[in-house]
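# Working through the structure, step by step
Residue strings, one per chain:
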Amino acid sequence: MIEIYHLYKEYERNVAALKDINLVIDRGEFAFIVGASGAGKSTLLKLIIRECLPSKGTIKIFGRDIARLKNREIPLLRRNIGMVFQDFRLLQDRNVFENVAFTLRVTGASSREIRRRVPLALGLVGLKEKAFKKPSELSGGEQQRVCVARAIVNRPAVLLADEPTGNLDPATSMEIMNLLHDINVRGATVIVATHAKDLVDHFQKRVIVLENGSLVSDQERGVYINAR
Amino acid sequence: MRVRSLCYFLGEALKSILRNGWMSIASIGVVAITLLILGSFMIISFNVNLFTQDVKEQVQIVLYIDEAAGEETRLELERRLVSHPKLQEMRFVSKEEAMERLKRKMGDQAYLLDGYEGEEDNPLRDSYELRTIVPEDITAVAKEIENYPGVGYVDYGSGIVEPLFQFTGLIRLIGLAFMVGLGVTAVFLIAHTIRLTVYIRRKEIMIMKYVGATDWFIRWPFIFEGSFLGMIGAIIPVLIIYYGYQAAVFWIQSNIHFIPMMPPQDVTTEIIKLLLPLGIGLGMLGSVISVRRFLKV
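Residues numbered from 1 in each chain as written. Chains lettered and ligands numbered in written order. Predicted model: local features only at pLDDT ≥ 70, side-chain atom pairs only at ≥ 80, totals over all residues. Heavy atoms only, no water.

### Digging into the packing of aromatic side chains
Applicable threshold: Aromatic pairing here means that ring centres of Phe, Tyr or Trp (its six-membered ring) are within 6.5 Å. Orientation follows from the plane angle: under 30 degrees is stacked, over 60 is edge-to-face, and everything else is tilted. We count a stretch as a helix when DSSP gives it H or I for four or more residues in a row; a strand needs E for two or more, and each element gets its number in order from the N terminus. Each residue is assigned to one of three classes by its accessible area relative to the maximum for its type, calculated with a 1.4 Å probe on protein chains only: buried under 20%, partly exposed between the two thresholds, exposed over 50%. In this analysis the charged atom, NZ for Lys or CZ for Arg, is taken to sit over a ring once it is within 6 Å of the ring centre and within 35 degrees of the ring normal.
Tallied over the full model, the rule gives 13 aromatic pairs over all chains. Where Phe30(A) meets Phe203(A), the ring centres are 6.4 Å apart and the plane angle is 10°; that geometry is what we call stacked. Pair noted here: Phe30(A) is in strand S3 (residues 30-34) and Phe203(A) is in helix H7 (residues 197-203), with a separation of 173 residues, a long-range link. Ring plane angle 40° and centroid distance 5.6 Å describe the contact between Trp216(B) and Trp220(B), whose orientation is recorded as tilted. In this pair, Trp216(B) and Trp220(B) are both assigned in helix H8 (residues 215-255), four residues apart and thus about one turn of the helix distant. Look at Trp220(B) and you get partly exposed, because its relative accessible area is 25%. Cluster of aromatic residues (ring-pair linked, three or more members): Phe30(A), Phe32(A) and Phe203(A). Its guanidinium or amino end placed over the ring of Tyr148(B), Arg80(B) lies 4.0 Å from that ring's centre, counting from NZ or CZ. When the ring centre of Tyr199(B) is taken as reference, the NZ or CZ atom of Arg202(B) above it lies at 4.0 Å.

### Some remarks on a nonpolar patch on the surface
The criterion, for reference: Only residues whose relative accessible area exceeds 30% and that take part in no salt bridge are eligible for patches, with like-charged residues grouped when within 9 Å of each other and nonpolar side chains (Val, Leu, Ile, Met, Phe, Trp, Tyr) grouped when within 5 Å. Working definition of accessibility: Shrake-Rupley area with a 1.4 Å probe, residue cover restricted to the visible protein chains. Salt bridge criterion: a side-chain nitrogen from Lys or Arg within 4 Å of a carboxyl oxygen from Asp or Glu.
On the surface, a nonpolar cluster with roughly 430 Å² of combined accessible area is contributed by Leu176(B), Val180(B), Val184(B) and Phe188(B). For Val180(B), a relative accessible area of 54% gives the class exposed.

### What to know about the sheet that holds strand S3 (residues 127-132) of chain B
The strands that make up a sheet pair up through hydrogen bonds in the backbone, lying either parallel or antiparallel. Residues and elements named next belong to chain B. Defined as follows: Any two strands between which DSSP finds at least two bridges are classified as paired. To obtain an axis, a line is fitted to C-alpha atoms, over the contacting stretch when the element is a helix, and the angle between two such axes runs from 0 to 180 degrees between their N-to-C directions.
On the basis of which strands lie adjacent, the open sheet formed by four strands has the order S2-S3-S1-S4 and antiparallel pairing. Two strands in the sheet have a free side with no partner beyond their single neighbour: strand S2 (87-93) and strand S4 (151-155). Looking at each pair of strands side by side, their axes are set apart by 20° on average, direction ignored. The sheet contact formed by S2 and S3 spans six bridges and is antiparallel. Bridge assignment links Arg 91 to a residue of S3, and that residue is Glu 129.

### Some points on the pattern of salt bridges
The tally for this structure, following the rule as stated, stands at 27 salt bridges over all chains. Ionic pairing is found between Asp65(A) and Arg68(A), a salt bridge with its closest N-O pair at 3.7 Å. Note that Lys197(A) is salt-bridged to Asp201(A), the shortest N-O span being 2.9 Å. Here Lys197(A) pairs with Asp201(A), and both are found in helix H7, just four residues apart, close to one helical turn. Salt bridges here are not isolated pairs; linked through shared partners, they connect Asp93(A), Arg94(A), Glu12(B), Lys15(B), Arg201(B), Glu204(B) and Glu225(B).

### What about the nonpolar core?
This is how the line gets drawn: To define a nonpolar core, start from buried Ala, Val, Leu, Ile, Met, Phe, Trp, Tyr and Cys residues and group those joined through side-chain atoms within 4.5 Å. Residue contacts are defined here by distance: any two heavy atoms, one from each residue, within 4.5 Å place the two residues in contact.
The biggest cluster of nonpolar side chains holds 78 residues, and the ones touching the most others in it are Ile2(A), Ile4(A), Phe32(A), Leu44(A), Val118(A), Leu160(A) and Leu180(A). When residues in this core are grouped by element, the largest group, six residues, is from helix H5 (residues 140-152) of chain A. Ignoring any residue separated from it by four or fewer positions in sequence, one finds Val118(A) in contact with Phe97(A), Val100(A), Ala101(A), Leu104(A) and Val153(A). In terms of nonpolar packing, the next biggest core, distinct from the first, is built from 20 residues, Leu35(B), Leu38(B), Leu182(B) and Leu282(B) among them.

### Notes on a negative patch on the surface
All names here are of chain B. Operational definition: All tallies of charge rest on Lys and Arg as positive and Asp and Glu as negative; His and the ends of each chain are not included. A single reference atom marks each charge: NZ on Lys, CZ on Arg, CG on Asp, CD on Glu.
A grouping of Glu 96, Glu 119, Glu 120 and Asp 121 is seen on the molecular surface, where their side chains present a negatively charged patch. Examined against the element boundaries, Glu 120 turns out to sit in the loop between helix H4 (95-106) and S3. On the basis of relative accessibility, which here comes to 73%, the residue Glu 120 falls in the exposed class.

### Looking at the pairing of S3(B)
Residues and elements named next belong to chain B. Burial runs high along S3: five of the six residues are buried. Relative to S3, strand S1 (residues 61-65) is paired through four bridges, and the arrangement is antiparallel. Bridge pairing in S3 links Val 62 to Glu 129.

### Points about the domain arrangement of chain B
Note the threshold: The source of the domain bounds is an automatic or database domain assignment.
Domain assignment breaks chain B into domain 1 (3-55 + 163-295) and domain 2 (60-156). Centre-to-centre separation of domain 1 of chain B and domain 2 of chain B, based on C-alpha positions: 53 Å.

### Looking at the interface of chain B and chain A
Quick note on the threshold: Accessible-area loss on putting two parts together, using a 1.4 Å probe and summing over both, is the definition of buried area adopted here. Under this definition, polar contacts are N or O atom pairs within 3.5 Å; protein pairs additionally need one hydrogen-donor-capable and one acceptor-capable atom, and for neighbouring residues in sequence, both atoms have to be side-chain atoms. Each residue gets one label: Ala, Val, Leu, Ile, Met, Phe, Trp, Tyr, Cys and Pro are nonpolar, Asp, Glu, Lys and Arg are charged, and the others, such as Gly, are polar.
Each side of the interface is counted separately: chain B has 18 residues, and chain A has 21 residues. For chain B, the biggest contributors to the area lost against chain A are Ile207(B), Tyr210(B) and Val211(B); these three give 34% of the whole. As a salt-bridge pair, Glu204(B) and Arg94(A) come within 2.8 Å of each other at their nearest N and O atoms. Run the count over chain B and chain A and you get six residue pairs in polar contact (both at pLDDT 80 or more). When residues of the side of chain B that touches chain A are traced back to their parent elements, those giving at least two are helix H1 (3-19) and helix H7 (202-210) of chain B. Per-element accounting of the side of chain B that touches chain A gives the leading share, seven residues, to H7(B). Of the residues contributing to the side of chain B that touches chain A, the split by class is nine nonpolar, two polar and seven charged.

### A few points about the packing of H1(B) against H8(B)
Between two packed helices, the angle of one axis relative to the other and the distance separating the axes together describe the packing. Residue and element names in this part refer to chain B. Operational definition: Note on terminology: angles under 35 degrees are roughly parallel, angles over 145 are roughly antiparallel, angles of 65 to 115 are roughly perpendicular, and the others are oblique. By the definition used in this description, the sense in which the near helix is turned from the far one sets the handedness, with an anticlockwise turn below a right angle giving left-handed and a clockwise turn giving right-handed.
The N-to-C vectors of H1 and H8 enclose an angle of 55°; their axes lie 8 Å apart at closest approach. For the element pair H1 / H8, the angle class is oblique. The element H1 and its partner H8 pack so that their crossing is right-handed. Between H1 and H8, the contacting residues are Leu 6, Tyr 8, Phe 9, Leu 10, Glu 12, Ala 13, Leu 14, Ser 16 and Ile 17 on the first element and Phe 217, Trp 220, Pro 221, Phe 224, Glu 225, Phe 228 and Leu 229 on the second.

### Overview of unusual backbone geometry
Residues and elements named next belong to chain A. One non-glycine residue, Arg 50, lies in the positive phi region at around 60°. You can see Arg 50 is positioned in the loop between helix H1 (41-48) and strand S4 (56-61). Non-glycine residue Phe 88 carries a positive phi angle of around 65°. Along the chain, Phe 88 falls in the loop between strand S6 (81-84) and helix H3 (96-106).

### Here we look at the confidence of the model for chain B
To keep things clear, this is the line we draw: Per-residue confidence from the predictor is reported as pLDDT, which spans 0 to 100.
Averaged over chain B, the pLDDT score is 82; the fraction of residues at 70 or greater is 97%. Confidence scores differ between elements of chain B, with helix H6 (residues 161-200) of chain B showing the lowest mean pLDDT of 76 and H8(B) the highest of 89.

### Quick notes on the environment of Ile194(B)
Residue and element names in this part refer to chain B. Take Ile 194: it is sitting in helix H6. Given the relative accessible area of 4%, Ile 194 is considered buried. Residues Ile 194 and Ala 26, spaced 168 residues apart in sequence, show a C-alpha to C-alpha distance of 9.4 Å.

Shown next as structure tokens:
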């Protein structure tokens, strides 16, 4: 599903954010990408959603080299990849329902479709009752659930989460991670960039370790390795 | 564009205008003020043009016929004047008619002319009053026909006509420069103001990009918003100019009678034809320029 070959990324000349990454993530997998801040986790996710282009190497998603996508094809790629952010990135002036509906609106979905799908997604993250609250009236954990609902409402094949628990307390973090796990069980490929050691160890899933832009370890059913 | 999307874009544009209330009012204000200045200048320039046109139409060549010229020469002269390609109008003024005019002009003192009226005593000459098709040709044409046989001398207000034409040309040039300058300023101001409303919504744009919105999907609401603000910003000066100009024309015509003024109806039509598309265009252009920078995610 996601194939990465000899991937390099330099933001400035000779400052490598990623060095020679080789990685294949299959359909339906759950993978953690771990590493210290600045190890290249976010860069990797940005490359996968084609927010930036690799300096060298190839990323294939659904069998296509995404560097070769035409500008108008990028939105279509992103509709198949849900994205969850550390800082939630919700629209504060819209209620929960509208925040989740946003994803469907940009694809031109009908309002009937929106009225059907948004409650389903909100039900899945356990926020059906808070559909008409504003984000500011919700706790951090609830806001992250809205963010997850927004990412999955159009049923993307891949869900990327960039430090999804970075702003949450441990109990809430576990809830969110369980939620991501549920989504994986329902069939989506889930990739979580994190440095939350407890969570990674708890789930016993595939762990890909980045350090200073290099891939130093990739284990099935792994644990968090602190390379340094 | 699907009807559903169109409704959504229009809805988003309206919501955004209301949500950014003060910013919207500021944008409308900028457009309105710029277009008001532009429109006022247009009115002034219309009327200066009308005035100079009026003056130009009064400019004429007076050709006095040589008294010594015989019947043959006079007929030949008339033939040449009639067939001249740059002349459009000619009128023969006999010396008797010229005397009548002079008397009328002198009014109470016309008695001074008593005794000069007879066929033999009239010191005035027969003449032609000529107009050129293009008023600016007058000097050249006058110099040319001066040399025709049978011509006594030619009077075309030399020394007055040339500076007048230079002056009206200058006024028109200044007017054009003003309009271009104001137009450019307007685009800058509007792009800047709309950029602020776009900046406020940069987060929304970023999220839209992440969830797979096409660039045009993001642009359309802003384009509608910009053109809507531009339209309101154009309607305000049109109204002000319409009522203001009506009042001005009324005042001027009841106080200074001889100044010709464009009728308010005509002016308003011209102003609407220019300001409305300009306002909408400026709004759209401002939006497109402003959004572009935030689309690179």
